[in-house]
Amino acid sequence: MKVVHRKETNVMILELLVSDDRLKLFARVVPQAECNLAREDEFLKEVESIAPKDLIDRMVVWDIVSELRQGKGCEGRRVARGVAPVQGRDGKLVWLVRRFTPGKGEDADREFVDFFTLGLFENVAKGREVARIYKPTGGTPGMDVLGKPLSTKSGRAISPRFDKTIEPRADDAEEAYTTLVAAVDGYVHDEGGKFTIREVLHVTGNLDYSMGHIDFIGSVRIGGDVQKGFNIKARGKIEVLGSVLGDNVITSESSVTIKGFHYGGEGSSLSAKGDYTVDSAEKVSTDVGGNIFVAREARECALCSSSAVISPRAAFIGGTVWCVKGFEGRVVGNPAGVKTVIEIRNELEVTKEYRKLSENLRKYAAAGAALELHIGPYLKNRNRVPLLRNQFKEKMMALLDKYDQVQKSLEHLRGIEKRMREGKPLESSARVNIRETAHAGTALKTGETVLEFKDPQTGPISFRPSDDRSEWQQQEYVELTVE
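Caption draft 1: Structural detail: the overall build of the protein chain. Within the protein chain, the secondary structure is distributed over five helices and 33 strands. Its C-alpha atoms give the protein chain a radius of gyration of 43 Å, clearly above 23 Å, the size a compact globule of 483 residues would have. Summarising its shape, the C-alpha atoms of the protein chain cover approximately 135 × 65 × 45 Å along the three principal directions. Within the span of the protein chain, comprising 483 residues, buried residues form 43% of the whole. Sequence-distant contacts in the protein chain: of pairs separated by 6 or more residues, those separated by 24 or more amount to 42%. On the protein chain, roughly 25800 Å² of surface is accessible, and the fraction owed to carbon and sulfur atoms is 48%. Distance between charge centroids for the protein chain: 3 Å, based on 72 positive and 71 negative side chains.

Caption draft 2: Seen up close, the pairing of strand 30 (residues 449-452). Relative to strand 30, strand 29 (residues 442-446) runs antiparallel, the two being bridged by four bridges. Residue pairing in the sheet places Lys445 in a bridge with Val450 of strand 30. Two successive antiparallel strands, strand 29 and strand 30, enclose a turn made up of two residues, where Gly447 displays a positive phi of approximately 60 degrees.

Caption draft 3: Inspection of the environment of Phe216 at higher detail. Residue placement: Phe216 occurs in strand 15 (residues 214-216). The sequence separation of Phe216 and Leu361 amounts to 145 residues, and the corresponding C-alpha distance is 37 Å.

Caption draft 4: Just the side chain of Arg464, in detail. Position of Arg464 among the secondary structure elements: in strand 32 (residues 461-465). A relative accessible area of 16% places Arg464 in the buried class. At 3.1 Å, the side chain of Arg464 forms a polar contact with the backbone oxygen of Ser428. Setting aside its immediate chain neighbours within four residues, Arg464 contacts Ser428, Ala430, Arg431, Glu471, Trp472, Gln473 and Gln475.

Definitions and cut-offs
Residues numbered from 1 in each chain as written. Predicted model: local features only at pLDDT ≥ 70, side-chain atom pairs only at ≥ 80, totals over all residues. Heavy atoms only, no water. Helix = DSSP H or I, 4+ residues; strand = E, 2+ residues; numbered from the N terminus. Rg over C-alpha atoms; globule rule 2.2 N^0.38 Å. Buried < 20%, exposed > 50% of the residue type's maximum accessible area, 1.4 Å probe, protein only. Contact = heavy atoms within 4.5 Å. Areas by Shrake-Rupley, 256 points an atom, 1.4 Å probe, with all protein chains shown as cover. Lys, Arg positive; Asp, Glu negative; His and termini not counted. Charge placed at Lys NZ, Arg CZ, Asp CG, Glu CD. Pairing = 2+ DSSP bridges. Polar contact = N/O pair within 3.5 Å; in protein donor to acceptor, adjacent residues only side chain to side chain.

Now the structure itself:
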């Protein structure tokens, strides 16, 4: 500290000292012979000679003078305080969504670790505000304890790096920040301080417990296998470079491509508004809006397409195929005669509503058959029911009443089914093409009309349903193509 003022009287010796930061003024007081005559106004006059009045602490001055009158001095009491300058706030980037940062160490080559559990990012829709860049603020100057100004510094601006997938938009109504808006659907990815919104979620390895289920606004690409029980939902395309190993629910608003083997199993399903492409499939159930392409084999599958199944090199063994615009396969069935059904339907008959209707028809028909067994001969001879004893009569009447209700429901459902079948005609070019062999046990179906092969049929050969769906007509083979 530096002495900036000194005063010596018969009351006291006063030294005023300024701190090194120039923000505090201290008083050093040594009592003299007439210290009992000390006056506050005279002491204050000395302090005011070098420090502005509004910076002086009057209570401290009063306390020093009171002590001085009792012959007590002080070594250093703060009698005034300056105003410290306030430095401007630096600019800052504030994120409004979770963003993904690649892992380190042993997981450095993985794009996602504990994907679902940790919630490492969130889906971002185009046009959504993802972050704000706050501008730096100017500082507030200060004043030292002697009344001289103290300079300040403005905050530092920041310039975050981002590509064209993130658009800056100045907000006229709020000048404090610039808004960053997503230019595409996806997730925010942080690559060492450079930000981008990725439209494709790329999992470099398997989809397993280290990843969890995927629900993504864009497209998904799996570099390995999809392990048993893990689900994928995507608004864009789904591509699996490995295999899908069972009990998976796969849903895409675009197409699904599986380069390897696709095993479905109980509880699994595949839904795609676009095409479904697979190397080999087993026990897979599909609801596909586009075409189905099988490279090698489909075994015991339930394949449903609102377009066509075009697989000229594939074998279809067991299961069912529903399609609207046609089917083409190399082999259907096998030498053992496993039943394999290829069915041409109209646009309504491949919908979920129709499948639900068909399932209800099956259940009601099964319930009716079971009731027929319980009722026995009384079904056709109802006039014998009143002759039964009371206990058996009431039971039989209840069974008959239930049977009638089931038949009424069946009649109602069959009426709906008939209207749905008649509501849309079949595609005029729809047909079933067999490139090599259709084994015994193969059945072609449209509506209630079924053509079942008792002997192998050698291709190439084509079958087309008649316009009224009353028969199947064999025709000269013409390759199936769908735009």
